[in-house]
Amino acid sequence: MKKELGVIRALVADDQAVVRTGFMNLLNTQEDIEVVGEAEDGVQAVRIAAETRPDLALLDIRMPHKNGIEAAREILAASGGTTKVLMLTTFGLDEYVYDALAAGAGGFLLKDATFPELLHAVRVVAAGNALLSPEITKRLIGAFVRARTERLPVHSVGELTAREAEVLTLIARGLSNTEIASRLTITDHTVKTHINRLFAKLKLRDRAQAVIVAYELGLVRVEGRAD
């Protein structure tokens, strides 16, 4: 769910002090972002999130004592979803990316991301949107879904109408509601109606989970394969 934000209150958690400090210093240069806490492991992240109630938790997937996925689950549960989660990852190394999406993470940010990419990711996820458009996220999702071909989909395409399946496919391709409306020549309101219905049918929490389901159902194929 989208929300209006004034100043984004952020928590940064990473066991590498250089990385953590670098992100904090960059974020604090922005008038609309305030770092309200830092943590060097998952246990600290959960505790500090409970104390500060940030709008956004920037969590490294790989942390000692409690990894980023476990921390994300606890932070999301404790906050009732009001704290959004943006995961820090190293491309090609994190086998838990798929699990992080399923846990409720709104998106991913590479540790070597540029300053504009960092700010964009923080603002998009803090607003309640999934960071799905960047090519890196699509590659990550595709790679880990393909690695889990032994997992059978919980759902079937038959649960959806043809138009709902079409909308789900476009969500998985990273299109916004406005872009979907333009592509299908329908109104934004109609797009939202289709999304609400397919989310209810498939019991989806957000667009990130919608992307996972779209890949598992074969509506979108992993990168490197023909559609």
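Here, every reference points to the structure presented above.
To keep things clear, this report deals only with the structure shown in the data block. Nothing here was measured: the structure is a model prediction, and the numbers come from that model.

All right, on to the sheet that holds strand β1 (residues 8-13) then. Taken together, the five strands give an open sheet; going across it, the order is β2-β1-β3-β4-β5, and neighbouring strands pair in parallel fashion. Each edge of the open sheet is held by one strand with a lone partner, namely β2 (33-39) and β5 (107-110). Strand-to-strand twist of the sheet, defined as the mean angle between neighbouring strand axes without regard to direction, takes the value 25 degrees. When β1 meets β2, the two strands line up parallel, connected through six bridges. By the bridge assignment for β2, V12 is matched with E38. Each of β1, β2, β3 (56-60), β4 (84-89) and β5 is contacted by helix α1 (residues 17-27), which is oriented at about 160 degrees to β2, the strand it contacts most.

Let us look at the pattern of salt bridges. All chains considered together, the criterion is met by eight salt bridges. Between D60 and K111 there is a salt bridge, and its shortest N-O distance comes to 3.2 Å. Placement of D60 in strand β3 and of K111 in the loop between β5 and α5 (115-126) is noted, with a sequence separation of 51 residues between them. Residue K111 is classed as partly exposed on the basis of its relative accessible area of 25%. In this structure, E164 and K201 form a salt bridge, with 2.9 Å as the shortest nitrogen-oxygen distance. Of this pair, E164 sits in helix α7 (residues 162-172) while K201 sits in helix α9 (residues 188-202); the two residues are 37 residues apart in sequence, bridging distant segments of the chain. Judged by its relative accessible area of 3%, E164 is buried.

Moving on, we come to the pairing of β4. Of all six residues making up β4, six are buried, and the element is well covered by its neighbours. With burial as the criterion, each face of β4 is covered, one bearing K84, L86 and L88 and the other bearing V85, M87 and T89. Pairing between β3 and β4: five bridges, direction parallel. Residue L59 lies in a different strand from β4, and its bridge partner there is M87. The handedness of the β3 to β4 crossover, carried by helix α3 (residues 68-79), is right-handed.

A few words now on the nonpolar core. Residues L59, V85 and M87 are the most contacted members of the largest nonpolar core, which totals 26 residues. Listing elements by their share of this core, those giving two or more residues are β1, α2 (42-52), β3, α3, β4, α4 (97-103) and α10 (207-216). When residues in this core are grouped by element, the largest group, five residues, is from α3. Not counting residues up to four positions away in its chain, the partners in contact with L59 are A13, A45, G68, A71, A72, I75, V85, L86, M87 and L88.

On to the side chain of T169, then. Relative to the assigned elements, T169 resides in helix α7. Among the residues examined, T169 registers a relative accessible area of 13% and is labelled buried. Ignoring sequence-local partners within four residues, the contact set of T169 consists of L219 and V220.

Conventions used here
- Residues numbered from 1 in each chain as written.
- Predicted model: local features only at pLDDT ≥ 70, side-chain atom pairs only at ≥ 80, totals over all residues.
- Heavy atoms only, no water.
- Pairing = 2+ DSSP bridges.
- Helix = DSSP H or I, 4+ residues; strand = E, 2+ residues; numbered from the N terminus.
- Axes fitted to C-alpha atoms, helices over the stretch in contact; angles between N-to-C directions.
- Contact = heavy atoms within 4.5 Å.
- Salt bridge = Lys/Arg side-chain N within 4 Å of Asp/Glu carboxyl O.
- Buried < 20%, exposed > 50% of the residue type's maximum accessible area, 1.4 Å probe, protein only.
- Right-handed = clockwise from strand over helix to strand, strands pointing away.
- Core = buried A, V, L, I, M, F, W, Y, C linked by side-chain atoms within 4.5 Å.

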